[in-house]
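Report on the structure
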Amino acid sequence: MGQDYEESYAYFEELREQTRNEVKHGNLEAALELCDQAIAWAESHDCKDSRDVAHCNRSGILVHQGRGDDVISRLRQILLSSTNSETCHHAAYNISRFHEMRQEAERGLFYARLSLDYAKRSAKPEPVARSNNQLGLLLVRDSYFEEAQDCFSQALSSLPSEPSHDSTVILYNLGYCHTMLGNPGRGFSHLFSSLKMAKRQGAAVWELYPRLGLSFAYLEIDRPERAVTHARRGLLLAEAAEIHWQVKNALYLLGESEKLLGNELAAHGQFTRLQQEFYPEDPVIPDFLMATDVRKLINLMA
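These lines cover the structure that appears in this document, whether it is placed above or below. This structure is a prediction, so every number in the text was calculated from the model and none was measured. (Residues numbered from 1 in each chain as written. Predicted model: local features only at pLDDT ≥ 70, side-chain atom pairs only at ≥ 80, totals over all residues. Heavy atoms only, no water.)

1. Details of the overall build of the protein chain
Assigned secondary structure in the protein chain consists of 16 helices and zero strands. Rg of the C-alpha trace for the protein chain: 20 Å, near the compact-globule value of 19 Å for 302 residues, within the 12% margin. Expressed along its principal axes, the backbone C-alpha trace of the protein chain runs to roughly 65 × 35 × 35 Å. A burial count over the protein chain gives 52% of its 302 residues as buried. A total of about 14,100 Å² of accessible surface is found on the protein chain, and carbon and sulfur atoms cover 48% of it. (Helix = DSSP H or I, 4+ residues; strand = E, 2+ residues; numbered from the N terminus. Rg over C-alpha atoms; globule rule 2.2 N^0.38 Å. Buried < 20%, exposed > 50% of the residue type's maximum accessible area, 1.4 Å probe, protein only. Areas by Shrake-Rupley, 256 points an atom, 1.4 Å probe, with all protein chains shown as cover.)

Here you go:
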């Protein structure tokens, strides 16, 4: 394809599609490079709407990685200046995710509801599903599991029946809620469906979430031998993707699984790593966790 094609809007759309594919397969750094190319195209063509879209895509990846501090100001500018409902949804959604990860629930809920309003105006199922899912995530953080379950159910019902990345994530969220509400049968059903869907899409990184959910669920039914398998795999995936808050959750789960299996040295090693990487000023944590039911301290979405 020649220079004429690279000047066309079709080229910009191709960059967006490539970005989606890289995200789907967990190649987040490659996706960021494509976003940068899309931003450069939009700026060279003085196309504000396309530039806003590309910035929202890039910001969403950085927020997911816990690197949202540098992009939150631009997201707010886009939300205030854009007249495109789908772009405003995307900006508000990413702002909500940013506040969620900073444990600012009230602000997160405000922007999640705003993103849902814009999503409904866009009349597209995926934005509606994502906004309902985001509302559910914020409710889970404060342990409102029944209300969150309703949001996740609405999110799933908004989507087409065929497998997708959105469906994979929402099924995991539903499975986790059922587990926390004492319905392990339905919990396992949704979690395994999520895992199978992630595998079918060839996106190893997205196995992370159902893997950790399954580890927790197996601990809940006193099957630590199964829990440890999923926790180990989840830890490897979280490390590879550099999703640090899920590395922390995986270390909690792996340490607890090893402890319940009687592998005290291995358990203490996982808890020591947890303390050194995430709580360096609190050296008593490994011994505390060895004497505590860690399951009561874990919220996989917090």
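2. A short note on helix α3 (residues 28–44)
Its 17 residues place the ends of α3 24 Å apart at the C-alpha level, agreeing with the 24 Å of an ideal helix rising 1.5 Å per residue. What α3 keeps buried is the set L28, A31, L32, L34, C35, A38, I39, W41 and A42. Phi turns positive, to about 50°, at D46, one or two residues after α3. (Expected span 1.5 Å × (residues − 1).)

3. Side note on the packing of aromatic side chains
In the structure shown here, the tally under the stated rule is 11 aromatic pairs. Measuring from ring centre to ring centre gives 6.0 Å for Y9 and W41, while their planes differ by 65°; the resulting arrangement is edge-to-face. You can see Y9 sitting in helix α2 (residues 9–24) and its partner W41 sitting in helix α3, a full 32 residues away along the chain. Under the relative-accessibility criterion, W41 is labelled buried at 8%. Among the aromatic residues, ring-to-ring pairing joins F145, Y172, Y176, W206, Y209 and F216 into one connected group. (Phe/Tyr/Trp six-rings, centres within 6.5 Å; stacked < 30°, edge-to-face > 60°.)

4. Observations regarding the environment of Y93
Checked against the element boundaries, Y93 lands in helix α6 (residues 85–101). You can call Y93 buried: its relative accessible area is 17%. Spatially, the C-alpha atom of Y93 lies 15 Å from that of D69, the residues being 24 residues apart in sequence. Ignoring any residue separated from it by four or fewer positions in sequence, one finds Y93 in contact with S115, R130 and Q134. (Contact = heavy atoms within 4.5 Å.)

5. Some points on the nonpolar core
Grouped together as the largest cluster of nonpolar side chains are 59 residues, with contacts concentrated most on V140, F152, Y176, L253 and L300. With eight residues, the single largest contributor to this core is helix α12 (residues 208–220). Formed by 20 residues, the second largest nonpolar core is a distinct cluster that contains C35, I78, L79 and Y118. (Core = buried A, V, L, I, M, F, W, Y, C linked by side-chain atoms within 4.5 Å.)

6. Some words on the pattern of salt bridges
Taken as a whole and assessed by the stated rule, the structure comprises 20 salt bridges. Of the charged contacts, one joins R141 and E100 as a salt bridge, the two residues approaching to 3.9 Å between their closest N and O atoms. Residue R141 is located in helix α8 (residues 125–141), and its partner E100 is located in helix α6; the two are separated by 41 residues in the primary sequence. By relative accessible area, which is 2% here, E100 ends up buried. Note that K259 and E256 form a salt bridge whose closest N and O atoms lie 2.8 Å from each other. (Salt bridge = Lys/Arg side-chain N within 4 Å of Asp/Glu carboxyl O.)

7. Things to note about unusual backbone geometry
Despite not being glycine, S143 has its phi angle at roughly 65°, a positive value. Note that S143 resides in the loop between α8 and α9 (145–158). In this structure S143 comes out as partly exposed when scored by relative accessible area, which is 45%. Of note in this structure, D222 is not a glycine but carries a positive phi near 60°. Within the secondary structure layout, D222 lies in the loop between α12 and α13 (224–241).

8. Some points on helix α10 (residues 165–180)
Between its first and last C-alpha, α10 extends 23 Å over 16 residues, near the 22 Å set by a 1.5 Å rise per residue. With 13 of 16 residues buried, α10 is to be regarded as a mostly interior element. Looking one or two places after α10, you find G182, whose phi comes out positive at around 80°.

9. Observations regarding the packing of helix α4 (residues 48–64) against α6
Two numbers describe how α4 lies on α6: the axes approach to 10 Å, and their chain directions differ by 20°. Considered as vectors, α4 and α6 are oriented roughly parallel to each other. For the crossing formed where α4 meets α6, the hand is left-handed. Across the interface between the two elements, D52, V53, C56, N57, S59, G60, V63 and H64 of α4 pack against T87, H90, A91, N94, R97, F98 and M101 of α6. (Axes fitted to C-alpha atoms, helices over the stretch in contact; angles between N-to-C directions. Parallel < 35°, antiparallel > 145°, perpendicular 65-115°, else oblique. Left-handed = near helix turned anticlockwise from the far one by under 90°.)

10. Section: the packing of α12 against α13
Contact pair α12 / α13: the axes reach a minimum separation of 8 Å and the direction vectors enclose 155°. Classed by the angle they form, the pair α12 and α13 counts as roughly antiparallel. In this structure, the crossing between α12 and α13 has a hand that is left-handed. Only P224, R226, A227, H230, A231, R233, G234, L237 and A238 of α13 make contact with α12, whose side of the interface consists of L208, R211, L212, L214, S215, Y218 and L219. In the contact of α12 with α13, the residues fall into 10 nonpolar, three polar and three charged. (Nonpolar A, V, L, I, M, F, W, Y, C, P; charged D, E, K, R; others polar.)

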